[in-house]
Amino acid sequence: MTLAGFLTYALALGVAAAIPGPGVVALVARALGSGFGAAMAFSLGLILGDLTYLAAAIFGLSLIAEALGAVFVVVRYGAALYLAYLAFRLWRAAGAAAGVGGQSRDRPLTSFVAGLTITLGNPKTIVFYLAILPTLVDLRGVTAADCVTLVVITAAILFAVMTPYAALAARARESLRRPAFRARLNRGAAAIMAGAAVWTVLRRA
């Protein structure tokens, strides 16, 4: 691949990642409900999901992915159910004395798996890597060195896009200490998470 090809891919990925979708919405809700650490673990799951589809596209697995379309439907609904469960937990915690801080005990692995599941079931991600990517990159001419470069670019771009979302949401969470604000914040995060669940189910592309 040429430098121009890498730059084109990086620009397209950056624009696609910056546009709020189910992954970004869920990331913000996770940061509001559980803090920056949980949100970053969540973002690592999102990144791994993207890299999974990148590998599928590079190694010619897109045909298999299309053949297993029903599996992706199941994954998408599973992600939506998990988001709905998180929304339920946040809503119930809104009136608890621990407030938002009580949600910070979520395990990093739980957040990581949630991010991975949501990405694997996100139609926006599927369309980008299995439909748009082949129009940007000549996948037949990708070498091993190109693969490594694409992985590094993908991880770097997504990390750069997701971190500000997580940091801003976590900062808003930490700035509100009064119980009343905590309850409202938890309910707001629950509403965002529930909206992401609905979006995940309804959005096809």
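As the structure is a prediction and not an experimental result, all values here were calculated from the model.

### A short note on the environment of Leu81
Then, number 1: By the secondary structure assignment, Leu81 is in helix α5 (residues 69-93).
Then, number 2: A sequence separation of 117 residues divides Leu81 from Val198, and the C-alpha atoms of the two residues are 9.3 Å apart.

### Remarks on the packing of helix α2 (residues 22-34) against helix α3 (residues 36-58)
Then, number 1: With their axes 7 Å apart at the nearest point, α2 and α3 run at an angle of 155° to one another. Taken together, the axes of α2 and α3 lie roughly antiparallel to each other. Considering only the axes of α2 and α3, their crossing is right-handed. Contacts between α2 and α3 involve Gly23, Ala26, Leu27, Arg30, Ala31 and Ser34 from the former and Phe36, Ala38, Ala39, Phe42, Ser43 and Leu46 from the latter.
Then, number 2: Its residues assigned to classes, the contact of α2 with α3 comprises 8 nonpolar, 3 polar and 1 charged.

### Brief notes about the environment of Tyr9
Then, number 1: If you trace the backbone, Tyr9 turns up in helix α1 (residues 3-18).
Then, number 2: Classification of Tyr9 as buried rests on a relative accessible area of 0%.
Then, number 3: Considering only alpha carbons, one finds Tyr9 and Leu150, 141 residues apart in sequence, at a separation of 8.5 Å.

### Observations concerning α1
Each full turn of the α-helix corresponds to 3.6 residues, which orients residues three or four apart in the same direction.
Then, number 1: Compared with the 22 Å implied by 1.5 Å per residue over 16 residues, the 22 Å span of α1 between its first and last C-alpha is a close match.
Then, number 2: Of all the positions in α1, only Gly5, Phe6, Tyr9, Ala10, Leu13, Gly14, Ala16 and Ala17 are classed as buried. Axial view of α1: buried residues confined to an arc of 165°, hence all on one face. Every exposed residue of α1 that faces more than 90 degrees away from the buried side is listed here: Leu7 and Leu11.

What counts as what
- Residues numbered from 1 in each chain as written.
- Predicted model: local features only at pLDDT ≥ 70, side-chain atom pairs only at ≥ 80, totals over all residues.
- Heavy atoms only, no water.
- Helix = DSSP H or I, 4+ residues; strand = E, 2+ residues; numbered from the N terminus.
- Axes fitted to C-alpha atoms, helices over the stretch in contact; angles between N-to-C directions.
- Parallel < 35°, antiparallel > 145°, perpendicular 65-115°, else oblique.
- Left-handed = near helix turned anticlockwise from the far one by under 90°.
- Contact = heavy atoms within 4.5 Å.
- Nonpolar A, V, L, I, M, F, W, Y, C, P; charged D, E, K, R; others polar.
- Buried < 20%, exposed > 50% of the residue type's maximum accessible area, 1.4 Å probe, protein only.
- Expected span 1.5 Å × (residues − 1).
- Arc of directions from axis to C-beta.

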